[in-house]
Number of protein chains: 2
Amino acid sequence: MSANTQQQVKSQKTAITPIRADDYPEWYQQVIKGADMAEMSGVRGCMVMKPWGYGLWELMSRDLDRRFKETGHENAYFPLFIPMSLLQKEADHVEGFAKEMAVVTHHRLINKDGQLVPDGELDEPLIVRPTSETIIGEAFARWTKSYRDLPILINQWANVVRWEMRPRIFLRTAEFLWQEGHTAHASEAEARSETKQMLDVYQEFVENILALPVIPGEKTPSERFPGAVNTYCIEAMMQDGKAVQAGTSHYLGQNFAKASNISFQNKEGNIEFAYTTSWGVSTRLIGALIMTHADDNGLRVPPAVAPQQVVIIPIMRDESDQEKVMAYCETVLASITSQTFAGQSVRAKIDTRDYPSADKRWQWIKKGVPLLIEIGPRDVENNAMALTRRVNLDEKKAVMPLDKIDISQELKHCHETLYQQALAIQKERTCTNIKTVEEFKNYFGTSGEKSFNNGQGFVKAPFCGDEAAVEDLLKSMGVTIRCIPFEQSRALGPCVITGRPAQYEVIFGRAY
Amino acid sequence: MSANTQQQVKSQKTAITPIRADDYPEWYQQVIKGADMAEMSGVRGCMVMKPWGYGLWELMSRDLDRRFKETGHENAYFPLFIPMSLLQKEADHVEGFAKEMAVVTHHRLINKDGQLVPDGELDEPLIVRPTSETIIGEAFARWTKSYRDLPILINQWANVVRWEMRPRIFLRTAEFLWQEGHTAHASEAEARSETKQMLDVYQEFVENILALPVIPGEKTPSERFPGAVNTYCIEAMMQDGKAVQAGTSHYLGQNFAKASNISFQNKEGNIEFAYTTSWGVSTRLIGALIMTHADDNGLRVPPAVAPQQVVIIPIMRDESDQEKVMAYCETVLASITSQTFAGQSVRAKIDTRDYPSADKRWQWIKKGVPLLIEIGPRDVENNAMALTRRVNLDEKKAVMPLDKIDISQELKHCHETLYQQALAIQKERTCTNIKTVEEFKNYFGTSGEKSFNNGQGFVKAPFCGDEAAVEDLLKSMGVTIRCIPFEQSRALGPCVITGRPAQYEVIFGRAY
């Protein structure tokens, strides 16, 4: 059975309606609702992250933060607002973002007559940061005098705003949470090495923690971050074959240093501009996680970022069961939380809420908790428990004795299953044998919006490098060049679209 | 020697100019600059928190977050923007904040002609949140149907904006970082108990972690949070006798529940409005920490939140020393980081930067690192080190053998010294024997701006409760009622200002 068909095996009854195969975009919304992760708010394009969704982000942040610190970075915090004039200093940069900015123009909501209207107009409009290169560049310019002050290795955890015309929860929201690394270096080589190092950090995090296999590579010129010299990225494939850019790392050269005047005296006593980088991942990773791992019964959370890794549901037929079942649940909980996974105590709890236990079971399945343990009066007598593995819902519940349950091993199995299933889909839906523009058109021909089942995905093929020449064709099909993957095939045929000599292989695909 | 005079003992040379006694407000700015904690940015009223300042906030957040989770709260995240109409639902609330709001009116910075000007006017202005009761209330209304859905116990870590007319770094900035707790309950008693519990959490945190002794109490009606039924607070005293409100916890009754329609079906089947609370502390706590603990040589950081608790400075006379001194420094570092303080590994590092060691010593003193260890070639031979305790700079460096240094004990001593010195000032500058309005006027008579040395502070005295009657007098002196302290004297004389029968004792003082 191929990975793709395996994904489509349905339980008799699924918790999520519609299922993926019927309406993938709506399925995505329903998974989020079923898992109680987040919801769109009354504020256009802005979401509310509920505890189960925010809890994921907290654990993701904590792991990333540790990796940033291990590579020598420190956290700092810069203003939310950027004066219009500051943003204009780097021309490509401001043009890249000008169409989607929240602009603050007033500093009061009450006028002299006591009416509630915007009042107190600002001398200069302020932009709610869409990213912080310019405001951080201004600070770096103040901080950098001598080569001794370099490198500056800073990270910021923050909210940013980009006015999205077609918001989609987690994947594209007007406000989102992210981290943005900003560094300044005395040499190009050091800055380039930083840029690559952080892409590696992202790849390790995304693969080992989120169980998302990704393709690392470089963006083509037209897809670069506005103002960057090189943009590197990791691209993930969703179950419908579309791409999500899972993280980016930019080598900015001296562009922003010149715009912000980040200069320093080098060892020889000469004044030079610094070389800067920036890199970021955001809450859209949660969208990628859902679209990769969820199934027709709801979310499946990679164990390393599951706010709860194990949930215990006590099953009491009547009040006489209560005391002994609860006491035994506490024993099981203590045994589980004394075990570790990835160097931390296992996160587990007993669900004591006043709901029928069957409802609770389905709630946790929809939330995607990796392991579910049900304990009834008979289990107490047998010193046993019934284990449900979220990644193997079709298997019969495993009834096992308490001393036989190896939680760490179970969680590893969960992670590995999620990763391997995602990798199998990525491989199956990456087409490497398309040679002509006709084949290319045929491949991407059918509409992409509900494309879970049509088998489309990535096309890895040679490209001439002339983006202008292919722009119209790609646009008409809603396809973009995702990246120039680091892993290139040895033999390079002619460009799949123009037939001209190719510069390199690229990944073509539709993207969120 | 009294605590106050003890504070004024000066080293021959002080690292901060001016000293506290000469110009307290300017000294505060210079301490922050000397410690490299933060700086005002080019954006009006907004600061940049540099790694040493943000590092403090990170450690404060982590400790608070643990306390919130231990008391059953979960983190979530709500939109940065609040539609004008939503904010207007609670009349007192919007009026309380309307004069200091950042208002977003446009969503583009480029017009059709390609000019960079605000464009795309919004149908309804959006307010950058000054606090989130209204936007969170809207969500709670969606989430609350049955008594089973209550309590909702939520905390948010976020940035908020209040357009301050006279910004002061950390204490009053246009944008600041904070946490805001928001809870909804099925009964008044439960909501009131939550309000008090969180005030206790704040007091324990501020006293045990930040070494700030505080006075817990309730705000008088005119000082309440806009829309609250009761506001509780903890008030800290700075070294100049002025107050900083270090944390607040509000019982909101059903005011916001009615405005936002947070209603639920109770066990009897009737529809009721919920009872809500909110509570918060912010980066202004860092301002309080500085104004309480710093001295004329710079910051002194309470060890529990010091980004580095111990710094080791290697002292090399020439290159031949380098290898053996560095090797020994690593041994000392390993020994120190294997010790624990407050349940965590001691945070320590070797300062290997390319600066003269005397400069490094003063940099770390100004940063307020609790313990400074200097190691030269002779120390290597003696298996010793020279220890400087930041809270006892006037004592001679203690040269001690490596196996005799008890870091945990040293850090405890540092915390206790900071706390006791602050407490002594609070006691010495709290006046409890003022009986008449003349004495009251005399006490607060002199100008408050540079009042480090004039001995003013808090007046604890009986008050009639008629705030309107005392408003003009207090305003003319720049004095406010800080709180009705929970700890009341047994005998209650007449009101210190009006001479009428008193309702309770209050704390009068000037405040930041």
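Note: the structure precedes this text.
The structure presented is a predicted model; accordingly, all values stated were derived computationally and were not measured.

Caption draft 1: The arrangement of the overall build of chain A in detail. Along the backbone of chain A there are 15 helices and 25 strands. Put simply, chain A has 512 residues, and 63% of those count as buried. Computing the positive centroid from 58 side-chain charges and the negative centroid from 66, chain A places the two 3 Å apart.

Caption draft 2: Region of the structure containing the pairing of strand E10 (residues 230–237) of chain B. All names here are of chain B. With eight of its eight residues buried, E10 lies for the most part within the structure. What you see with E10 is no split at all: Asn-230, Tyr-232, Ile-234 and Ala-236 on one side and Thr-231, Cys-233, Glu-235 and Met-237 on the other are buried throughout. Both E10 and strand E11 (residues 243–251) contribute to a ladder of eight bridges, which runs antiparallel. Bridging across to E11, Thr-231 finds its partner in His-250. Linkage of E10 to E11, two consecutive antiparallel strands, is achieved through a turn of five residues, within which Gly-241 is found at a positive phi near 85 degrees.

Caption draft 3: Region of interest: the relation of the copies chain B and chain A. Note on the copies: chain B fits chain A at an RMSD of 0.0 Å, the axial shift is 0.0 Å, and the rotation between them is 180 degrees. Accordingly, the operation relating the two chain copies is best matched by a two-fold axis. When each C-alpha of chain B is compared by its distance to the rotation axis, Val104(B) comes out closest, at 2.0 Å. Looking at chain B, 100% of its interface residues are interface residues in chain A too, so the copies touch through the same face.

Caption draft 4: Local environment of the sheet that holds strand E5 (residues 103–108) of chain A. Spatially, E4(A)-E6(A)-E5(A)-E5(B)-E6(B)-E4(B) is the arrangement adopted by the six strands of the open sheet, whose pairing is antiparallel. Edge positions in the sheet fall to strand E4 (81–83) of chain A together with strand E4 (81–83) of chain B, since each has one partner strand and no second. Strand-to-strand twist of the sheet, defined as the mean angle between neighbouring strand axes without regard to direction, takes the value 50 degrees. Taken together, the three bridges between E4(A) and strand E6 (residues 119–128) of chain A define a ladder with antiparallel strand orientation. Residue pairing across strands places Ile82(A) opposite Ile127(A), the latter belonging to E6(A).

Caption draft 5: Quick look at the interface of chain B and chain A. Listed as interface residues are 67 residues of chain B and, on the opposing side, 67 residues of chain A. Surface buried jointly by chain B and chain A totals about 5,500 Å² across both partners, of which 66% is contributed by carbon and sulfur atoms. Our count for the contact surface shared by chain B and chain A stands at six salt bridges. Across the salt bridge formed by Arg148(B) and Asp354(A), the nearest N and O atoms sit 3.7 Å from each other. Between the two partners, chain B and chain A, sit 30 residue pairs in polar contact (both at pLDDT 80 or more).

Caption draft 6: Focus on the sheet that holds strand E19 (residues 371–375) of chain A. Residues and elements named next belong to chain A. Spatially, E18-E15-E19-E20-E21 is the arrangement adopted by the five strands of the open sheet, whose pairing is mixed. A single partner strand is all that each edge strand has here, and the edge strands are strand E18 (348–350) and strand E21 (398–401). Across the sheet, the axes of successive neighbouring strands diverge by a mean angle of 25 degrees, strand direction being ignored. For strand E20 (residues 384–389) and E21, the ladder comprises four bridges, and the chain directions are antiparallel. Bridged to Met-385 within E21 is Met-400.

Caption draft 7: Quick look at helix H15 (residues 467–477) of chain B. Residue and element names in this part refer to chain B. Within the span of H15, buried status applies to Glu-467, Val-470, Leu-473, Leu-474 and Met-477. All buried residues of H15 fall inside an arc of 130 degrees around its axis, so they share one side. Exposed and oriented more than 90 degrees from the buried face of H15 are Ala-468, Asp-472, Lys-475 and Ser-476. In the core, the buried residues of H15 are packed alongside helix H14 (437–444), strand E23 (458–463), strand E24 (480–485) and strand E25 (504–509).

Caption draft 8: Geometry of the nonpolar core. All names here are of chain A. Counting 89 residues, the largest nonpolar core has Met-37, Phe-170, Leu-210, Ile-290, Leu-299 and Ile-375 as the members making the most contacts within it. In terms of residues, this core owes the most to one element, helix H3 (residues 51–70), which gives eight residues. Not counting the four nearest positions on each side in its chain, Ile-290 is found in contact with Trp-27, Tyr-28, Val-31, Ile-32, Met-37, Phe-170, Gln-239 and Leu-299.

Caption draft 9: Seen up close, the packing of H14(B) against H15(B). All names here are of chain B. Their axes nearest at 10 Å, the elements H14 and H15 cross at an angle of 25 degrees. Put simply, H14 runs roughly parallel to H15. In the crossing of H14 with H15, the sense of the turn from one axis to the other is right-handed. Contacts between H14 and H15 involve Val-437, Phe-440, Lys-441 and Phe-444 from the former and Leu-473, Leu-474 and Met-477 from the latter. Residue composition of the contact of H14 with H15, by class: six nonpolar, no polar and one charged.

Caption draft 10: Expanded view of the pattern of salt bridges. All told, the structure shown has 54 salt bridges over all chains when counted by the stated rule. Between Asp119(B) and Arg108(B) there is a salt bridge, with its nearest N and O atoms 3.0 Å apart. Of this pair, Asp119(B) sits in strand E6 (residues 119–128) while Arg108(B) sits in strand E5 (residues 103–108), placing them eleven residues apart in sequence. If you follow the salt bridges from partner to partner, you end up with Asp36(A), Glu39(A), Lys50(A), Glu138(B) and Arg142(B) in one network.

Caption draft 11: Molecular detail of the pairing of strand E25 (residues 504–509) of chain A. All names here are of chain A. Across the six residues that make up E25, a large majority, six, are buried. Going residue by residue along E25, you find Tyr-504, Val-506 and Phe-508 tucked away on one face and Glu-505, Ile-507 and Gly-509 tucked away on the opposite face as well. Pairing analysis gives five bridges linking strand E23 (residues 458–463) to E25, with the strands arranged antiparallel. Opposite Phe-463, over in E25, you have Tyr-504 as the bridge partner. For strand E24 (residues 480–485) and E25, the ladder comprises three bridges, and the chain directions are antiparallel. Across the sheet, the residue bridging to Ile-481 is Phe-508, located in E25.

Caption draft 12: Expanded view of unusual backbone geometry. Between Thr17(A) and Pro18(A) the backbone carries a cis peptide bond, its omega angle lying at 0 degrees. Summarising the element assignment, Pro18(A) is placed in the loop between helix H1 (3–8) and helix H2 (24–34). Along the chain, Leu150(B) connects to Pro151(B) via a cis peptide bond; the corresponding omega equals -5 degrees. With respect to the helices and strands, the residue Pro151(B) is situated in the loop between helix H6 (133–143) and strand E7 (152–161). A positive phi is found at Ala342(A), a non-glycine position, where the angle reads about 50 degrees. For Ala342(A), the location among the structural elements is in the loop between strand E16 (340–341) and strand E17 (344–345). In this structure Ala342(A) comes out as exposed when scored by relative accessible area, which is 64%. Even without glycine at this site, Asn383(A) takes up a positive phi of about 55 degrees. Mapped onto the elements of the fold, Asn383(A) is located in the loop between helix H12 (377–382) and E20.

Caption draft 13: Representation of the side chain of His93(A) within the structure. Tracing the backbone through its elements, the reader meets His93(A) in helix H5 (residues 91–97). Once residues within four sequence positions are removed from consideration, His93(A) is found in contact with Thr131(A), Glu133(A), Thr134(A), Phe225(A), Pro226(A) and Phe256(A).

Caption draft 14: Spotlight on the environment of Leu212(A). Residue and element names in this part refer to chain A. Along the chain, the position of Leu-212 falls in the loop between helix H7 (188–208) and strand E9 (214–218). With 91 residues separating them in the primary sequence, Leu-212 and Pro-303 have C-alpha atoms 13 Å apart. For Leu-212, the contacting residues outside a window of four places in its chain are Val-206, Glu-207, Ala-288, Leu-289, Thr-292, His-293 and Tyr-419.

Caption draft 15: Broad picture of the side chain of Thr292(B). Its place among the elements puts Thr292(B) in helix H9 (residues 284–293). Classification of Thr292(B) as buried rests on a relative accessible area of 6%.

Caption draft 16: Quick look at the packing of aromatic side chains. All names here are of chain A. Tallied over the entire structure, the rule returns 34 aromatic pairs over all chains. For the pair Phe-68 and Trp-157, a centre-to-centre distance of 6.2 Å together with 35 degrees between the ring planes defines the contact as tilted. Residue Phe-68 is found in helix H3, and its partner Trp-157 is found in strand E7 (residues 152–161); the two are separated by 89 residues along the sequence. Trp-157 shares its class with Phe-68; the two are buried. Through pairs of rings, three or more aromatic residues link up here, namely Phe-440, Tyr-443, Phe-444, Phe-463, Tyr-504 and Phe-508.

Caption draft 17: Geometry of the state of the cysteines. Residue and element names in this part refer to chain A. Scanning all chains against the criterion turns up zero disulfides over all chains. Cys-233 carries a free sulfur, and the closest cysteine sulfur to it, the one in Cys-483, is 4.6 Å from it. Here Cys-233 falls in the buried class, since its relative accessible area comes to 0%. The structure places no disulfide on Cys-495, whose sulfur is separated from the nearest cysteine sulfur, that of Cys-464, by 3.8 Å. The exposure class of Cys-495 is buried, given its relative accessible area of 2%.

What counts and what doesn't
Residues numbered from 1 in each chain as written. Chains lettered and ligands numbered in written order. Predicted model: local features only at pLDDT ≥ 70, side-chain atom pairs only at ≥ 80, totals over all residues. Heavy atoms only, no water. Helix = DSSP H or I, 4+ residues; strand = E, 2+ residues; numbered from the N terminus. Buried < 20%, exposed > 50% of the residue type's maximum accessible area, 1.4 Å probe, protein only. Lys, Arg positive; Asp, Glu negative; His and termini not counted. Charge placed at Lys NZ, Arg CZ, Asp CG, Glu CD. Pairing = 2+ DSSP bridges. Least-squares fit on C-alpha atoms with pLDDT ≥ 70 in both. Contact = heavy atoms within 4.5 Å. Axes fitted to C-alpha atoms, helices over the stretch in contact; angles between N-to-C directions. Buried area = accessible area lost by both parts, 1.4 Å probe. Salt bridge = Lys/Arg side-chain N within 4 Å of Asp/Glu carboxyl O. Polar contact = N/O pair within 3.5 Å; in protein donor to acceptor, adjacent residues only side chain to side chain. Arc of directions from axis to C-beta. Core = buried A, V, L, I, M, F, W, Y, C linked by side-chain atoms within 4.5 Å. Parallel < 35°, antiparallel > 145°, perpendicular 65-115°, else oblique. Left-handed = near helix turned anticlockwise from the far one by under 90°. Nonpolar A, V, L, I, M, F, W, Y, C, P; charged D, E, K, R; others polar. Phe/Tyr/Trp six-rings, centres within 6.5 Å; stacked < 30°, edge-to-face > 60°. Disulfide = S-S within 2.5 Å.

Any functional reading would require information that these geometric values do not contain.
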